[in-house]
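# A look at the structure
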Amino acid sequence: MGRAFVYVILGGGVAAGYAALEFTRRGVSEGELCIISEEPVAPYERPALSKGFLLPEDPARLPSFHTCVGANDEKLTPKWYKEHGIELVLGTRVKSVDVRRKTLLSSTGETISYKFLIIATGARALKLEEFGVEGSDAENVCYLRDLSDANRLATAIESSANGNAVVIGGGYIGMECAASLVINKINVTMVFPEAHCMARLFTPKIASLYEDYYSAKGVEFIKGTVLTSFEFDSNKKVTAVNLKNGNHLPADLVVVGIGIRPNTSLFEGQLTIEKGGIKVNSKMQSSDSSVYAIGDVATFPVKLFGEMRRLEHVDSARKSARHAVSAIMEPEKTGEFDYLPFFYSRVFAFSWQFYGDPVGEVVHFGEFEEGKTFGAYWIKKGHLVGSFLEGGTKEEYDTISKATQLKPAVTDLEELGRVGLGFAETVVSQHIVPEVKEVPSSALVRQASRVVMMEKPLHVWHAATGVLVAASVAAFAFWYGRRRRRW
């Protein structure tokens, strides 16, 4: 027994939904596309699980966060897939894949063949048992990776009101879940081995501000240590957490967020694996020309860095999905995947965005206070490679994104810190010179004079701007004279 499709997407997470939408926009025919997912529901926006889903009042529930509402686009409900002739094979695990024969074998014994396969298997949460700690099966020990995890955590939160929660891990899941637990009136202690939260991205100064805010909300931080064991009651429910530093913490609820591991096992020995993910080229195509990989499971070339990266964020999943579908449907019209790494989070009253790579020397700017706008730049080999901004406007976030993509030269770190966000604004304004009819020449001169650190000395930019203004004025005079004659 078997079925055949032109296109098969293996995995039903964020990337699968965005790929499906792109397929329909590029003219996929009814019955050509199939999505196979272990989850029993159509693809949804995973970030909602650690945010709106856990709120005590009016929590987010499906169908409100099916893809692609996270990008302010169509909401792809099960009805949408049916109307577009897309086969959803849900609640189904694929136990083997034969890349050479272009077939997948499900746990039910069905064989599904394809012409093109998109791997969107994402990643799984790392379990405590992989670090020598038993207890993940206890009813009050929770992870957060999929909808079933979120339902389990939401139930545990309801039964732990005014109780004690221990959050293991200081990354995305740890920080966002801790905020949700506080909002649910639960006492929270965060435990992680690093010196500060979000250690892969935050500088000590940035982390300090967020930690101080969390502390003011009642969150306790225990850093530089790890969980060693649990204590259980007669019902095998966790009652306490033991740490390596000797601390003993009472616990009504434990939330574990210690990282993820890409789901590549079906393809090991068949496709090239690099940096933990399936290696693809700039069109998201794997070492087999009929197989593509997107989202958390893909290791792809990041042009900005000139190296292969595997990125764990929803933005990468969305954009890599669109690009892969474009490359399959219109290969001649699809260029390289030129992606600027992007990360963001919203907790309590805070909202930050990061673009690029957090490597090199760090320059902080702005007022590091709650409710203020502040940020940081990362400078490597004399060029801007990363930008962080808290409390910015949509326009300001867009500006630091564009500036980071340009990788401008930086020659004075002290001046960079003083100018702050103005540096990114200047870089962007200098890269695209406005038309004279929209911006007076005097404004162009003012913009030029604000350039503080560019690849060429200031006087060169002043001279270039002067020439530009003079040429623009001459062009305007010529056009105006010709127009007068026509009148």
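None of these values were measured; they are calculated from a predicted model.

On inspection of all chains with the given rule, the structure shows 25 salt bridges. Here arginine 261 and glutamate 130 are joined by a salt bridge, their closest N and O atoms 3.2 Å apart. Highlighted residues: arginine 261 in strand 16 (residues 260-262) and glutamate 130 in the loop between strand 7 (123-125) and strand 8 (141-142), separated in sequence by 131 residues. Ionic pairing is found between lysine 319 and aspartate 315, a salt bridge with its closest N-O pair at 3.3 Å. Remark: aspartate 315 and lysine 319 occur in helix 6 (residues 314-329); sequence separation between them is four residues, near one turn of the helix. Several salt bridges converge on common partners, so that one network encompasses Glu22, Arg26, Glu330 and Lys333.

Of all residues except glycine, most have a negative phi; of all peptide bonds, most are trans. Cis geometry marks the peptide bond from leucine 62 to proline 63, where omega comes out at 15°. Here proline 63 lies in the loop between strand 2 (33-36) and helix 2 (78-83). Of note, the amide linkage connecting threonine 67 to cysteine 68 takes the cis form, showing an omega dihedral of 15°. With respect to the helices and strands, cysteine 68 occurs in the loop between strand 2 and helix 2. Phi is positive for aspartate 58, close to 50°, though the residue is something other than glycine. With respect to the helices, strands and loops of the structure, aspartate 58 is situated in the loop between strand 2 and helix 2. The backbone phi angle of phenylalanine 348 is positive, close to 50°, even though this residue is not glycine.

Before going further, it helps to examine the sheet that holds strand 10 (residues 187-192). Spatially, five strands are ordered 8-15-9-10-11 in an open sheet, and the strand pairing comes out parallel. Taken across any chain shown, the strands that pair with only one partner, and hence form the sheet edges, are strand 8 and strand 11 (220-223). One ladder, built from two bridges, connects strand 8 with strand 15 (residues 253-256); its direction is parallel. Counted as the bridge partner of valine 141 is valine 254 from strand 15. Seen against the sheet, helix 4 (residues 172-183) touches strand 9 (164-168), strand 10 and strand 15 and runs at an angle of roughly 165° to strand 10.

Reading the values: the criteria
- Residues numbered from 1 in each chain as written.
- Predicted model: local features only at pLDDT ≥ 70, side-chain atom pairs only at ≥ 80, totals over all residues.
- Heavy atoms only, no water.
- Salt bridge = Lys/Arg side-chain N within 4 Å of Asp/Glu carboxyl O.
- Helix = DSSP H or I, 4+ residues; strand = E, 2+ residues; numbered from the N terminus.
- Pairing = 2+ DSSP bridges.
- Contact = heavy atoms within 4.5 Å.
- Axes fitted to C-alpha atoms, helices over the stretch in contact; angles between N-to-C directions.

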